[in-house]
Amino acid sequence: MSDLAYERVLEALFERKVQAGSFVSQGELSEIVDVPVAPLRDALRVLEAEGILTIHPRSGIQFVRPGFELTRATYQFRLILERAAVRIFAEEGDEDLIVAMGRRHKDLIETIASNGLTTADLLEMEELERLLHNAVIGILRNPLIESSYRRMHNYLRLLRLDRKLTAPIVLRTLKEHVEIVEACRKRDADRAESALDAHFQAAMQRSLGLI
């Protein structure tokens, strides 16, 4: 039940049933996620340790509000993990996968440039992002890193709750991905690392609304 409570609390946050930065009582949250208080309490302790919320005794539960520090820390953590991984992926990654990722990115860029941005395009964009970054992390074959990366993804989803995606923003992101994929296709680890650095720097600035 505590695992179920953990998933439902995150679902409630990402689906805006509870708002980032808001205060709620354990009783209110128990009703929202439809889980008894006892297993909910266990889940809340885990989520507090992961930095998603803060438990205030006799006051309530406060969900974290995205800001500069969380954004900076999230992208710094991603860069530390993926910088080493992308070098290995560039040298050892499956060639068929790399070629397929490149083709899907270029097809989506052409579709958006020609027809504008649709809901289906956004879903494909999200799938390509998961595919690329999970493939890069997966090349390390390290379950501890993969577990940490999955938790980090919760911060990313939190940071992206209020982002507005437009065709120019999505196209810039896709083109940054293409630079990484092309470097990996050419087995150029230095170029892949440089492209990843540039992508994360731009992504952090987009999250902060600077570009």
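Everything in this summary refers to the structure shown in the same document. (Residues numbered from 1 in each chain as written. Predicted model: local features only at pLDDT ≥ 70, side-chain atom pairs only at ≥ 80, totals over all residues. Heavy atoms only, no water.)

A few words on helix 5 (residues 95-115). Over its 21 residues, helix 5 runs 30 Å from end to end, which matches the ideal 30 Å to within 8%, given 1.5 Å per residue. Within the span of helix 5, buried status applies to I98, M101, G102, H105, L108, I109 and I112. Along helix 5, the residues classed as buried sweep out an arc of 130 degrees about the axis, all on the same side. Seen from the open side of helix 5, the exposed residues pointing more than 90 degrees away from its buried face are E95, D96, E110, S114 and N115. Against the buried residues of helix 5 lie helix 4 (68-92), helix 6 (119-138) and helix 8 (167-185). (Helix = DSSP H or I, 4+ residues; strand = E, 2+ residues; numbered from the N terminus. Expected span 1.5 Å × (residues − 1). Buried < 20%, exposed > 50% of the residue type's maximum accessible area, 1.4 Å probe, protein only. Arc of directions from axis to C-beta. Contact = heavy atoms within 4.5 Å.)

The subject of this paragraph is the sheet that holds strand 3 (residues 60-63). Ordered in space as 1-3-2, the 3 strands form an open sheet in which the pairing is antiparallel. Bordering the open sheet on either side are strand 1 (23-24) and strand 2 (53-56), each of which pairs with just one other strand. Relative to strand 3, strand 1 runs antiparallel, the two being bridged by 2 bridges. When the sheet's bridge partners are listed, F23 is paired in strand 3 with Q62. Here helix 3 (residues 37-49) sits on the sheet and contacts strand 2 and strand 3; the angle it forms with strand 2, its principal contact strand, is near 125 degrees. (Pairing = 2+ DSSP bridges. Axes fitted to C-alpha atoms, helices over the stretch in contact; angles between N-to-C directions.)

Bringing the packing of helix 5 against helix 8 into the picture now. In contact at an axis separation of 9 Å, helix 5 and helix 8 are set at 155 degrees when each is read in the N-to-C sense. Classified by the angle their axes make, helix 5 and helix 8 are roughly antiparallel. The two elements helix 5 and helix 8 meet at a crossing, and its hand is left-handed. Seen from helix 5, the contacting residues are I98, V99, G102, H105, K106, L108, I109, I112 and A113; seen from helix 8, they are A167, V170, L171, L174, K175, H177, V178, V181, E182, C184 and R185. Its residues placed into classes, the contact of helix 5 with helix 8 shows 13 nonpolar, 3 polar and 4 charged. (Parallel < 35°, antiparallel > 145°, perpendicular 65-115°, else oblique. Left-handed = near helix turned anticlockwise from the far one by under 90°. Nonpolar A, V, L, I, M, F, W, Y, C, P; charged D, E, K, R; others polar.)

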